[in-house]
Amino acid sequence: MTENTPRAPEGAVPPPPAETPAADASQTSAPAVDVDVRGQLQGLATEVHKAVVGQDAAVTSLVVALLCRGHVLLEGVPGVAKTLLVRSLAEALDVRMRRVQFTPDMMPGDITGSLVYDNNTSDLVFREGPVFTNLLLADEINRTPPKTQSALLEAMEERQVTVDGTGRPLPDPFLVIATQNPIEFDGTYTLPEAQLDRFLLKAVMPLPEREVEVDVLRRHAGGFDTTDLAAMGLGPVVDVPMLQRAQQDVAQIAAEDPVVQYIVDVCRATRRSPSLTLGVSPRGAISLLRTSRAWAYLSGRDFITPDDVKTMAPSTLSHRVRLTTEAELEGTQVESVLAATLASVPVPR
């Protein structure tokens, strides 16, 4: 794997070679992709890896989400570099980033902003909340009540917030990266399905392998300071206009009808699975099409293949389905159900 080849999200199959030829002439008729911009986006993950090691799948998931203008749910125990990852991505993009620690006493206005009285003008003025940024790290989002969790729904879907009947647009780009601790549930509030469905991807950040953890400690022994990313040589490699051009290119990646039908069949198969009480919604199918396009783009192609769908299905669909009670008691994992579902759907040739 070369330096600029993207790493598949956790549980996914490797990407097809970038030089895979188009299946027919119609696939080559897609609008030209800016190769220079794509090269810079492929190098974005490399830049982030200057500060974050051993979390290749999570880094790739964030890059895919940026290309799709989607949001990410990060799952991992404390201390696996979730905050450092987001800070490093903001540094490599040269955009604003804010971190919000969600707590049980947090109110919706603490996220969106509110009207405050201005003594100078004797009038109410709007004071922006932390949601007015480019990268919003919503740390431990499941620790705050549903009323406050729902304050993010409009921002995530409409890219605006409404306060006192007035809609206020958010900056572009805007990406919510919410974190959850997978092993601690005391005092937490389960995210509702409607909110989970708004997250484009779910990325798992596992504990590192021994060699990776040794590398982390060697860096810190050598003076690495997480508060000084510039000292690691990490700097902007992609600006906002370049990212916006890449987003336009991804939206133009060709999706042939057999592959579109394959995506629909995969999602419909989850609704028939005896191990699931909730299958993938049409929004989930659209999300899988979007992430498959981004993966094809990063892999150097201007059309998507069934392999792209298989690569992105686990991270795009795992948080959109629910196991039956019987399956949970038997210890069945969502990932294994999705793998069986993918294996059951005929692949177009």
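Note that the structure is a prediction, hence the values are computed from the model and not measured.

Calculation notes
- Residues numbered from 1 in each chain as written.
- Predicted model: local features only at pLDDT ≥ 70, side-chain atom pairs only at ≥ 80, totals over all residues.
- Heavy atoms only, no water.
- Helix = DSSP H or I, 4+ residues; strand = E, 2+ residues; numbered from the N terminus.
- Rg over C-alpha atoms; globule rule 2.2 N^0.38 Å.
- Buried < 20%, exposed > 50% of the residue type's maximum accessible area, 1.4 Å probe, protein only.
- Contact = heavy atoms within 4.5 Å.
- Lys, Arg positive; Asp, Glu negative; His and termini not counted.
- Charge placed at Lys NZ, Arg CZ, Asp CG, Glu CD.
- Phe/Tyr/Trp six-rings, centres within 6.5 Å; stacked < 30°, edge-to-face > 60°.
- Lys NZ or Arg CZ within 6 Å of the ring centre and 35° of its normal.
- Core = buried A, V, L, I, M, F, W, Y, C linked by side-chain atoms within 4.5 Å.
- Arc of directions from axis to C-beta.
- Pairing = 2+ DSSP bridges.
- Axes fitted to C-alpha atoms, helices over the stretch in contact; angles between N-to-C directions.
- pLDDT = per-residue confidence, 0-100.
- Left-handed = near helix turned anticlockwise from the far one by under 90°.
- Nonpolar A, V, L, I, M, F, W, Y, C, P; charged D, E, K, R; others polar.
- Salt bridge = Lys/Arg side-chain N within 4 Å of Asp/Glu carboxyl O.
- Polar contact = N/O pair within 3.5 Å; in protein donor to acceptor, adjacent residues only side chain to side chain.

Engineer: Quick question: what am I supposed to make of the overall build of the protein here?
Structural biologist: Within the protein, the secondary structure is distributed over 14 helices and eleven strands. Relative to its length of 349 residues, the protein is compact, with a C-alpha radius of gyration of 21 Å against a globular reference of 20 Å. Taking the principal axes of the C-alpha coordinates as reference, the protein spans close to 70 × 50 × 45 Å. The buried share among the 349 residues of the protein stands at 48%. Sequence separation of at least 24 residues holds for 80% of the intrachain contacts in the protein that already meet a minimum separation of 6. One way to put it: in the protein the 31 positive side-chain charges average out to a point 2 Å from where the 45 negative ones average out.

Engineer: Help me out: how do you make sense of the packing of aromatic side chains in this one?
Structural biologist: Geometry of an aromatic ring pair is reported as the spacing of the ring centres plus the angle between the planes. Tallying each qualifying case throughout the model produces one aromatic pair. Between F126 and F132, the ring centres sit 5.8 Å apart and the planes meet at 70 degrees, which makes this aromatic pair edge-to-face. Since its relative accessible area comes to 4%, F132 is described here as buried. In this structure, R38 packs its charged tip against the face of Y297, placed 5.5 Å from the ring centre. Sitting over the ring of F303, R301 keeps its end group 5.7 Å from the ring centre.

Engineer: Explain the nonpolar core here, please?
Structural biologist: Taken as a class, soluble globular proteins show a tendency for nonpolar side chains to be buried jointly. One finds L41, L44, L67, L85 and Y297 to be the most contacted residues of the largest nonpolar core, which totals 73 residues. It is helix α2 (residues 56-68) that contributes the most residues to this core, nine residues altogether. Here L41 is in contact with V63, L67, V238, M242, L243, A246, Y297 and L298, once residues within four sequence places are set aside. In this structure, L73, L152, A155 and L196 belong to the second largest nonpolar core, which totals 21 residues.

Engineer: Could you clarify how one ought to interpret helix α6 (residues 151-158) in this entry?
Structural biologist: Along an α-helix, residues three or four positions apart point the same way, because every turn accommodates 3.6 residues. Among the residues making up α6, those that are buried are A151, L152, A155 and M156. Along the long axis of α6, the arc covered by the buried residues comes to 110 degrees, so they all point the same way. Those residues of α6 hidden inside the fold are in contact with α4 (109-112), β5 (135-139), α5 (146-149), β6 (160-163) and β8 (175-180). Two residues or fewer past α6, R159 is found with a positive phi of approximately 55 degrees.

Engineer: Where do I start with the sheet that holds strand β1 (residues 72-75) in this structure?
Structural biologist: One key point about sheets: their strands pair by backbone hydrogen bonds, in either a parallel or an antiparallel sense. Pairing in this open sheet of five strands is parallel, and the strands run β2-β5-β8-β1-β9 from one edge to the other. Looking at strand neighbours, the two that pair on one side only are β2 (97-101) and β9 (201-204), the edges of this open sheet. Geometrically, the sheet is characterised by an average inter-axis angle of 20 degrees between neighbouring strands, direction not taken into account. With five bridges connecting them, β2 and β5 associate as parallel partners. Bridge pairing in β5 places R98 opposite L136. α2 contacts β1, β5, β8 and β9 of the sheet and is inclined by roughly 165 degrees relative to β9. Its contacts with the sheet place helix α3 (residues 82-93) against β1, β2, β5 and β8, and it is angled at close to 175 degrees to β5.

Engineer: I'm lost on the confidence of the model for the protein in this one. Help?
Structural biologist: Low pLDDT marks regions whose predicted coordinates should not be analysed in detail. Confidence along the protein averages 87 in pLDDT terms, with 91% of residues attaining 70 or more. Contacts of residues 11-30 to residues separated by more than four positions or lying in other chains number 35 contacts, the stretch itself having pLDDT below 50.

Engineer: Quick question: what am I supposed to make of the packing of helix α10 (residues 257-272) against helix α12 (residues 306-317) here?
Structural biologist: Two measures define how a pair of helices packs: the angle their axes make with one another and the distance between the axes. The contact between α10 and α12 brings their axes to 11 Å, and the two run at 35 degrees. You can see that α10 and α12 cross each other, and the crossing is right-handed. Side by side, α10 and α12 meet where V259, Y262, I263 and V266 of the first sit next to P306, V309, K310 and L317 of the second. In the contact of α10 with α12, the residues fall into seven nonpolar, no polar and one charged.

Engineer: Help me understand the environment of A178 in this model?
Structural biologist: If you trace the backbone, A178 turns up in strand β8. Each C-alpha atom, one on A178 and one on K82, is 9.8 Å from the other, the two residues being 96 residues apart in sequence. Once residues within four sequence positions are removed from consideration, A178 is found in contact with V72, L73, L74, A138, I141 and F199.

Engineer: What should I look at first to understand the pattern of salt bridges in this one?
Structural biologist: Pairing is possible between side chains of opposite charge, provided their charged atoms come close. With the rule as written, the count across this model stands at twelve salt bridges. For R143, the salt bridge is made with E140, and the minimal N-O distance between the two is 3.1 Å. Residue classification places R143 among the buried positions, given a relative accessible area of 16%. Between R322 and E193 there is a salt bridge, and its shortest N-O distance comes to 3.2 Å. Residue R322 is located in strand β11 (residues 322-323), and its partner E193 is located in helix α7 (residues 193-196); the two are separated by 129 residues in the primary sequence. Note on R322: relative accessible area 25%, which makes it partly exposed. Its relative accessible area of 41% is what places E193 among the partly exposed residues. Shared partners join several salt bridges into a network, and the residues in it are D34, R245 and D249.

Engineer: Explain the side chain of D249 here, please?
Structural biologist: In this structure, D249 sits in helix α9 (residues 240-251). Using a relative accessible area of 2% as the deciding quantity, one classes D249 as buried. Polar side-chain contacts of D249 include one of 3.3 Å to the backbone nitrogen of D34. Dropping the residues within four chain positions of it, D249 is found in contact with A32, V33, D34 and Y297.

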